[in-house]
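# Coordinates in review
Listed below, chain by chain, are the residues.
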Amino acid sequence: MELVQYTNKKLAAVLLVIEALQSGDFPHSHSKPVLDRIETLLQERVNTLGLIQPDTDQAVTKTICKEILHKIFTVYPLLGFIARSMDVRNSFELHGPFLNIVSKALGEDAKLIISSEWDFSPFTYNMPGDLGFSKVVFIGIPVSESGNGLAIPLSGHELGHNIWRAYKFHDKYYRVVEETVVKHIEKVIWDEFQQYFPAVGAPTNLTDMIGQQYWLKSWYWSMSQCEEIFCDFIGLLLFRESYLHAFAYLIAPGLLGSRAEHYPNMLDRVAALRQASDSQGIVFPDSYANLFEDSDTPPDAETRLLLSISDATTKQLIEQLCRDAASLLNDKGLLAHSFAETERIEKSFSMGVPAISPQSLTNIINAAWNFSRNAMPGWSHRYPSVYTNPKRCEQMLNDLIFKSIEVLEINQIQGIE
Amino acid sequence: MLLRSSTIAHLIDDCENNESDPLVITPKPDTRRIHGDSSASVDLRLGTWFRTERASRHPLLDVYDRDRLAPTEHSITQAHYIPFGSQFILHPHSFVLAVTLEWIRLPFYLAGMVTGKSSWGRRGLIIETAPGVHPGYSGCLTLEVTNVGDVPIAIKPGTKICQIFLYQLDGTVNAAEGSRFVGQRQPQLGAISSDEFAEKLFQSRT
């Protein structure tokens, strides 16, 4: 019974943390039902433990305790995420207008929790279905950027992962990627492939159970790369030019070290953004690609070969991924952009005031990026004390962004178009 | 000269056509209603950000002690965000910095005076003790809100909490030099500045 006592004690400790969090000062209500759900899940485990008797089979007891430990392990980072969602450095004003986008994309019952994370990459949780969080979008923004209005477009990429999952794009691309991988090996690099994997014998064996094992990694990496590209397209189409700037701001020129196979190579990713921008009328900055650099290739030749297959496969699917992202956002009425309104908001920023009656988050963020990249036109004579102080400049622009977003939310609540 | 509400409404409606020196209030008040109003002010609403004092390890609030570094805004106060639909409870005899929901930009020929609303004052809620707004100011207005009554008072973002009277200057301030008066979207303590005159007095015995 020692194992049961240990497990019970751990559960009780986590439940105590949840109780403390439930009484927290949550700025938005969506964290509460998630906490309640986690509490229910763990309480059910407490009840299960109560059923274990001294004569219960040890193997059964261990299995139950393992499952409980796994559950605690799974929800633990989520509890930290929710705790940090209360931090006042977060972009609280973003919640309403971004929830509006999330609801249009995933349904009216979708929930949104935005948090600041001690992780440099923005991320979203892909929670297991049995936790019941399929309609909850968790978006973690690096702690130092969580109050930066210009970084908001990066949330679009993270929403993309939720869209990919909700609309089962994994299932859609599963076969497509497989066929493209096999075709590429067969038609383009068969000789080289055979040198590394002679056991495959002939191209016709590539699709049998044994042959598949040799290119499975390529398929797996390409699936992941396709998801990343799709998410870039969601961010790009939702936030247009501002996504390109936010993307470059955060990750250009790229990270040191060997590249992560699950991501497209940096220059391929940028090329994909260019392709999608051109097809959607998004202005792609001239020297944009020069900001980036590819990461180092993997040291071993076999991985390089398999990765080249993934890269080639992903490249072939870029057009289709862009079409899918555009079609979904178009169907959901999420391609809200107006050059005229963006220009109007830029004029407001130039006067040192927020947008008067903004129509969309996209226009606000694009106006802010244009204004920032043009070195705050108008401020040198209107607000010289601010203009000569870069820190105050950033602060004032940030305030204008978030006040504009709040005005947008107010207009949405009031039904003002 | 004190501006009538209808004049203020006209200036607000015209703000997007006046790119040189507009009066801006956003979110925009209902100017149709203000036009028909016979008063001489515009109501302002309570915003979503608050700042309370907090217990800290600083023995006292000594803004003069430059050598030992005066406590920063973050070390002696705490920010709170209250979204629309929620409320802030102001307990008896306690004080909070709040902010107007509206971002205001005054032209260089107008100055403003902010006062509380009598309906709140009669319930013990006193708003704004430093009411002057300078020409050219741009930002939300920080409000000092105190509950001098004996019962807790709930206040919700969006509530009409104070009003601004606008006065025309006898001439204009030097607009060509731009504005020094810039606010933020969150309430702020602001710096307590000293000057040569005061410094001489402070140092007279040392």
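Scoring rules and cut-offs
- Residues numbered from 1 in each chain as written.
- Chains lettered and ligands numbered in written order.
- Predicted model: local features only at pLDDT ≥ 70, side-chain atom pairs only at ≥ 80, totals over all residues.
- Heavy atoms only, no water.
- Helix = DSSP H or I, 4+ residues; strand = E, 2+ residues; numbered from the N terminus.
- Buried < 20%, exposed > 50% of the residue type's maximum accessible area, 1.4 Å probe, protein only.
- Contact = heavy atoms within 4.5 Å.
- Pairing = 2+ DSSP bridges.
- pLDDT = per-residue confidence, 0-100.
- Expected span 1.5 Å × (residues − 1).
- Polar contact = N/O pair within 3.5 Å; in protein donor to acceptor, adjacent residues only side chain to side chain.

## Considering the overall build of chain A
For chain A, the count of helices and strands is 17 helices and 3 strands. Counting only C-alpha atoms and orienting by the principal axes, one finds that chain A spans roughly 80 × 60 × 40 Å. A burial count over chain A gives 53% of its 417 residues as buried. Sequence separation of 24 or more characterises 78% of the internal contacts of chain A that already satisfy a separation of 6 or more.

## Comments concerning the sheet that holds strand E12 (residues 160-168) of chain B
Residue and element names in this part refer to chain B. Taken together, 4 strands build an open sheet; the order of strands is E2-E12-E7-E9 and the sheet is antiparallel. In this open sheet, the two edge strands, each paired with only one partner strand, are strand E2 (42-45) and strand E9 (132-133). Here 4 bridges tie E2 to E12, and the two strands are oriented antiparallel to one another. Note on E12: the bridge partner recorded for Leu44 is Cys162.

## Topic: the sheet that holds strand E1 (residues 111-117) of chain A
The sheet built from 3 strands is open, its strands ordered E1-E3-E2 (chain A) with mixed pairing. Of all the strands in the sheet, the pair left with one neighbour each is E1 and strand E2 (123-124) of chain A.

## Comments concerning the confidence of the model for chain B
On average, residues of chain B carry a pLDDT of 87, and 91% of them reach 70 or more. Across the predicted assembly, pTM comes out at 0.93 and ipTM at 0.91.

## Re helix H13 (residues 339-351) of chain A
In this model H13(A) runs 19 Å from its N-terminal to its C-terminal C-alpha over 13 residues, within 8% of the 18 Å that 1.5 Å per residue would give. Where H13(A) is concerned, the buried positions are Glu341(A), Thr342(A), Ile345(A), Glu346(A), Ser348(A), Phe349(A), Ser350(A) and Met351(A). Elements that come into contact with the buried residues of H13(A) comprise helix H14 (361-373), helix H15 (379-382) and helix H17 (390-414) of chain A together with strand E6 (95-105) of chain B. Two or three places before Ala340(A), at the opening of H13(A), Ser338(A) has a side-chain oxygen 3.3 Å from that residue's backbone nitrogen. A positive phi of about 85° marks Gly352(A), the residue just after H13(A).

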